[in-house]
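So you can see what is in the structure, the chains are spelled out below.
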Amino acid sequence: MNPNRPTIIAEAGVNHNGSIKIAKKMIDIAAKAGADYVKFQTFKANLLVTKNALKANYQKRLSDNKNESQFNMLHKLELSYQDHVNLIKHSKKRRIKFLSTPFDNESVELLSKLRMKIFKIPSGEITNLPYLRKIGSLGKPIILSTGMSELDEVKNALNIILKAGSRLGDIIVMHCNTDYPTRMQDVNLKAMLTLRDQLGVSVGYSDHTLGIEVPIAAAAMGAKVIEKHFTLDRSMKGPDHAASIDPVGLKNMIGSIRNVSMALGSGIKAPTKSELENITTVRKSILAKVEIKKGQIFSEKNLTVKRPADGLSPMEWDNLIGKISNRTYKVDEPIDKQ
């Protein structure tokens, strides 16, 4: 990850609808938009939910099949081992890094076998001790999402991960809200800074709002990682499409975040190279207001300040007043240092 600009994860999630063709097209779009990573989700439905588990409220709200169980919905969205191999290969071809979020221990093993370099822990697993311990034991960089969590729950999860063998410096803690889409009044972006200050960790933001302004604001506030769901078409059938942004929105968001990151600069207050070229034109010098004869005393009556700054700085005004002119000056002629 680049410490000088936010890492941007284009979250494909399950918006491939179980189609590898769509998944590959999403990789193409994420790469073209300039994302650093494209991320999917790795799970086995039978290890993730019971067959009687109800859908989340947002899944019911966005679903085209209100009576479908969460198990049946997720089962259709599983990616096989070979699917992962094919998507990783396609990502390399498109020069974008591949990530996937594991939702069960078997999926952690699958991604570990595929030599995944970074492991993303989703918000729903932050109270899953065996799962946290397993990922922590891998000793890999971790991105920890904290939706639905209180600060103490995040602290507990971090402690489990650290005791399992991970290092605090390898963990990015992500603030997020797990309602889809997230209402602006529920974003609470300042909580990202609370996580940073209270836990002493690097922080990021996983966004589920409909627009792109909040992730841009998060970048301006110091987020090291920005994650955003995207889709080929928000009208497609599936649980997350309506709460995702389209390809145009993804490209605009990434471009804006890159601009904000560049605009933040070094923090050193000094004129830029482009500003140095303007100093002489925009600043002013002390000039003769009227003709000044040699031997006359400089005063407010015979001095003035005007552009350009090719003479004595106006900051020398008090030092000049009362001194005797060592030569004659014409009107608007810059005064020399006496």
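Residues numbered from 1 in each chain as written. Predicted model: local features only at pLDDT ≥ 70, side-chain atom pairs only at ≥ 80, totals over all residues. Heavy atoms only, no water.

Caption draft 1: Layout of the packing of helix H1 (residues 20–33) against helix H11 (residues 247–264). Packing of H1 against H11 leaves a shortest axis separation of 9 Å and a crossing angle of 30 degrees. Taken together, the axes of H1 and H11 lie roughly parallel to each other. Classified by chirality, the crossing of H11 by H1 is right-handed. On the side of H1, the interface is formed by Ile29, Ala30 and Ala33, while H11 contributes Pro247, Leu250, Lys251 and Ile254. (Axes fitted to C-alpha atoms, helices over the stretch in contact; angles between N-to-C directions. Helix = DSSP H or I, 4+ residues; strand = E, 2+ residues; numbered from the N terminus. Parallel < 35°, antiparallel > 145°, perpendicular 65-115°, else oblique. Left-handed = near helix turned anticlockwise from the far one by under 90°. Contact = heavy atoms within 4.5 Å.)

Caption draft 2: Region of the structure containing unusual backbone geometry. The omega torsion of the bond from tyrosine 180 to proline 181 falls at -5 degrees, within 30 degrees of zero and hence cis. Positionally, proline 181 belongs in the loop between strand S6 (171–176) and helix H9 (190–199). Here the residue pair arginine 307 and proline 308 is connected by a cis peptide bond, since its omega of 0 degrees sits within 30 degrees of zero. By the secondary structure assignment, proline 308 is in the loop between strand S10 (303–306) and helix H14 (317–320). A positive phi angle, near 60 degrees, is found at arginine 115, a position not held by glycine. Locating arginine 115 in the fold gives a position in the loop between helix H6 (105–113) and strand S4 (119–121). The class of arginine 115 is exposed, set by a relative accessible area of 72%. For methionine 148, which is not a glycine, the phi torsion comes out positive at approximately 70 degrees. Relative to the elements of secondary structure, methionine 148 occurs in the loop between strand S5 (142–145) and helix H8 (151–164). (Buried < 20%, exposed > 50% of the residue type's maximum accessible area, 1.4 Å probe, protein only.)

Caption draft 3: How the structure looks around the sheet that holds strand S8 (residues 225–229). What the eight strands build is an open sheet, ordered S3-S2-S1-S8-S7-S6-S5-S4; its pairing is parallel. A strand with exactly one partner marks an edge of an open sheet, and here the two such strands are strand S3 (97–102) and S4. The mean angle between the axes of side-by-side strands here comes to 25 degrees, regardless of whether they run parallel or antiparallel. For S5 and S6, the ladder comprises four bridges, and the chain directions are parallel. Note on S6: the bridge partner recorded for leucine 144 is valine 173. Contacting strand S2 (37–42) and S3, helix H5 (residues 81–93) runs over the sheet at an angle of about 150 degrees to S3. Its contacts with the sheet place helix H7 (residues 129–136) against S3, S4 and S5, and it is angled at close to 160 degrees to S4. (Pairing = 2+ DSSP bridges.)

Caption draft 4: Fine view of the nonpolar core. Ranked by internal contacts, the top residues of the largest apolar core, which has 67 residues, are Phe40, Phe230 and Leu250. Excluding residues that lie within four positions of it along the chain, phenylalanine 230 makes contacts with Ala10, Glu11, Ala12, Asn15, Met26, Ile29, Ala30, Val38, Ser244, Ile245 and Leu250. Counting residues in each nonpolar core, the second largest holds 10 residues, with Val49, Phe71, Met73 and Leu77 among its members. (Core = buried A, V, L, I, M, F, W, Y, C linked by side-chain atoms within 4.5 Å.)

Caption draft 5: Local environment of the environment of glutamine 338. For glutamine 338, the location among the structural elements is in the segment after H14. Residues contacting glutamine 338, with those up to four places away along its chain left out, are Phe298, Leu320, Lys323, Ile324, Ser325, Asn326 and Tyr329. Among the polar contacts listed, one links the side chain of glutamine 338 to the backbone nitrogen of asparagine 326, at a separation of 3.1 Å. A distance of 3.1 Å separates a polar atom in the side chain of glutamine 338 from a polar atom in the side chain of tyrosine 329. (Polar contact = N/O pair within 3.5 Å; in protein donor to acceptor, adjacent residues only side chain to side chain.)

Caption draft 6: Expanded view of the packing of aromatic side chains. One pass over the structure, following the stated rule, counts three aromatic pairs. For the ring pair phenylalanine 43 and phenylalanine 103, a centre distance of 6.2 Å and an interplane angle of 90 degrees mean the geometry is edge-to-face. Of this pair, phenylalanine 43 sits in the loop between S2 and helix H2 (45–48) while phenylalanine 103 is found in the loop between S3 and H6, placing the two residues 60 residues apart along the sequence. The exposure class assigned to phenylalanine 103 is buried, which follows from its relative accessible area of 17%. Between the NZ or CZ atom of lysine 113 and the centre of the ring of tyrosine 81, over which it lies, the distance is 5.2 Å. (Phe/Tyr/Trp six-rings, centres within 6.5 Å; stacked < 30°, edge-to-face > 60°. Lys NZ or Arg CZ within 6 Å of the ring centre and 35° of its normal.)

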